Amino acid sequence: MSKKSRHRRRQPRPNIQNRMLPPGQLSPALDAAASQAQIIGFGNGQCTEIPLDRYDQIDEIQRSHPYLWINVNGLKDVQLIEELGRRFQLHPLALEDVVNQHQLAKCEDYDQNIFFVSRMLNLEPHWEHEQLSMFIGANYIITLQEIPGDCFDSVRKRLRSGKGKLAQSAPDFLAYSLLDSLIDSYFPFLDRVADFLDSIEDQVAEGSTARTIESIHEVRNQLMVLRRAIRPLRDALGQLMRAPSHLMTEETKLFLRDCYDHAIQLLELLETYRELCADLREYHLSMISFRMNEVMKVLTVIATIFMPLSFIASLYGMNFDTAHPWNMPELKWPWGYPFALFLMVATAVAFLWFFWRRGWIFSDPTPSKREPL
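Residues numbered from 1 in each chain as written. Predicted model: local features only at pLDDT ≥ 70, side-chain atom pairs only at ≥ 80, totals over all residues. Heavy atoms only, no water.

Undergrad: I keep staring at the packing of aromatic side chains and nothing clicks. Help me out?
TA: Under the definition given, this model contains 6 aromatic pairs. Relative to Tyr67, the ring of Phe42 has its centre 5.7 Å away and its plane inclined at 40°; by these criteria the two rings are tilted. In this pair, Phe42 is assigned in strand E1 (residues 36-43) and Tyr67 in strand E3 (residues 67-73), connecting sequence segments 25 residues apart. When its relative accessible area of 0% is taken as the criterion, Phe42 is described as buried. Accessibility expressed as a relative area gives 21% for Tyr67, which makes it partly exposed. Both rings, one in Phe173 and one in Phe255, keep their centres 5.1 Å apart while their planes meet at 90°; by these two values the pair is edge-to-face. Pair noted here: Phe173 is in helix H7 (residues 171-184) and Phe255 is in helix H10 (residues 250-315), with a separation of 82 residues, a long-range link. Using a relative accessible area of 6% as the deciding quantity, one classes Phe173 as buried. A residue is classified by how much of its surface remains accessible, and Phe255, at 29% relative accessible area, is partly exposed. Ring pairs connect the aromatic residues Phe173, Tyr176 and Phe255, which therefore count as one cluster. Seen from the ring of Phe173, Lys165 lies directly overhead, with NZ or CZ sitting 5.2 Å from the centre. (Phe/Tyr/Trp six-rings, centres within 6.5 Å; stacked < 30°, edge-to-face > 60°. Helix = DSSP H or I, 4+ residues; strand = E, 2+ residues; numbered from the N terminus. Buried < 20%, exposed > 50% of the residue type's maximum accessible area, 1.4 Å probe, protein only. Lys NZ or Arg CZ within 6 Å of the ring centre and 35° of its normal.)

Pasting the structure below:
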């Protein structure tokens, strides 16, 4: 995982100002991005795509195409959001949830339309998540995002081609296609996480650093953020799939099962990688303890070898009077000094041989690299 992908995530902050306003009154967040809207008219194999500069363009596209997709990037223009709410009879409480950029995934049926909220993941230039709000009507679909950039380019390409089931289908199938692209966009990020965890495991095996445990905690926190986003998304998909609404056909609900299954797979992968993070943390601590034991073993061996050497050196350093034959006869012996050195070397070699026979030294301290059974 690159440094860019390890960038600190963009925190969704609740709009505290909206809490002090009457219900249904909109007030954008202070850091809300400027609004840019785009209209795509589709249906019957035809597609028209224009930027929304005037509100009467909505009527023009509706007259020439059976279905409409309006995508809004940035939530700063409250007038635009209110105009869309007036034209398509969007509930004021739903519009308030659109502006408040801290909603968890949910699905609400307002009869005239279905309001669906989810968290969308962006990987470039660094990973961050934003709120995606979606209104599904009988002949329209409206999506509102916090910032420009999304994972819907493949859907737009299929609409522009005028071929395939999507170009011939109603907005409910377009909603399924958008949700399918949104859920599939999580898998590349989890692939990056898997590769990054593999690299961390190699670092721990080769000699971890202080940065290693920090990287493990960063990945674990990212996985927890995704888990809090995907678990409600799974429940919202289940509600959308089972809700008796005239806006979602039975055929589209069958396709939504695929999204629901993918959401379950994402949750299982997240749980697996979270457990792997915990295992890597334990592995990291075990390797630190193992290497510390190796260091202590070497120091203990050195101290043990030098203990008899110090005894011999201190014995011959007592300098007793040589008048008596039992008082240091080696002091007048021509080979006394070489004898003392030889005795020290022999003692050290004997200790080394004993430690080696016991397997305490000169053994491979690294874990076995052989394949598991």
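On we go from here.
Undergrad: Would you mind showing me how to read the nonpolar core here?
TA: Soluble globular proteins: nonpolar side chains tend toward being buried together. Trp69, Phe116, Met134, Leu174 and Leu182 are the most contacted members of the largest nonpolar core, which has 59 residues in total. Going through the elements one at a time, E1, strand E5 (114-122), strand E6 (128-136), helix H5 (153-161), H7, helix H8 (186-207), helix H9 (210-242) and H10 are the ones with two or more residues in this core. The leading source of residues in this core is H9, at 11 residues. Excluding residues within four positions of it along the chain, Met134 makes contact with Ile114, Phe115, Phe116, Ile141, Ile142, Thr143, Ala175, Leu178 and Leu179. By size, the runner-up hydrophobic cluster in this structure holds 27 residues, among which are Ile70, Ala94, Tyr110 and Ile142. (Core = buried A, V, L, I, M, F, W, Y, C linked by side-chain atoms within 4.5 Å. Contact = heavy atoms within 4.5 Å.)

Undergrad: Any chance you could explain the packing of H7 against H8 here in plain terms?
TA: Packed helix pairs are specified by the crossing angle of their axes together with the interaxial distance, meaning the distance between the axes. Relative to each other, H7 and H8 sit at 5°, their axes nearing to 4 Å. Accordingly, the angle class assigned to the pair H7 and H8 is roughly parallel. Across the interface between the two elements, Leu182, Ile183 and Asp184 from H7 touch Tyr186, Phe187 and Pro188 from H8. Considered class by class, the residues forming the contact of H7 with H8 number 5 nonpolar, no polar and 1 charged. (Axes fitted to C-alpha atoms, helices over the stretch in contact; angles between N-to-C directions. Parallel < 35°, antiparallel > 145°, perpendicular 65-115°, else oblique. Nonpolar A, V, L, I, M, F, W, Y, C, P; charged D, E, K, R; others polar.)

Undergrad: Is there a simple way to explain the packing of H10 against helix H11 (residues 336-357) in this structure?
TA: Running from N to C, H10 and H11 point in directions that differ by 155°, and their axes come no closer than 10 Å. Comparing the axis directions of H10 and H11 gives the class roughly antiparallel. Of the two elements, H10 crosses H11, and the hand of that crossing is right-handed. Of the residues in H11, those in contact with Val301, Thr304, Ile305, Pro308, Leu309, Ile312 and Ala313 of H10 are Ala340, Leu343, Met344, Thr347, Ala348, Phe351, Leu352 and Phe355. In terms of residue class, the contact of H10 with H11 is built from 13 nonpolar, 2 polar and no charged. (Left-handed = near helix turned anticlockwise from the far one by under 90°.)

Undergrad: For this particular structure, what's the right way to read the pattern of salt bridges?
TA: Side chains that differ in sign of charge can pair as their charged atoms come close. For the coordinates displayed, the defined rule picks out 16 salt bridges. In this structure, Glu83 engages Arg87 in a salt bridge whose closest nitrogen and oxygen atoms are separated by 2.9 Å. Of this pair, Glu83 and Arg87 both sit in helix H3 (residues 78-88), 4 residues apart, roughly one helical turn. Overall, Glu83 belongs to the buried group, its relative accessible area being 14%. Of the charged contacts in the structure, one is a salt bridge between Asp97 and Lys106, with a shortest N-O distance of 2.7 Å. Through salt bridges with shared partners, a single ionic network connects Asp59, Glu83, Arg86 and Arg87. (Salt bridge = Lys/Arg side-chain N within 4 Å of Asp/Glu carboxyl O.)

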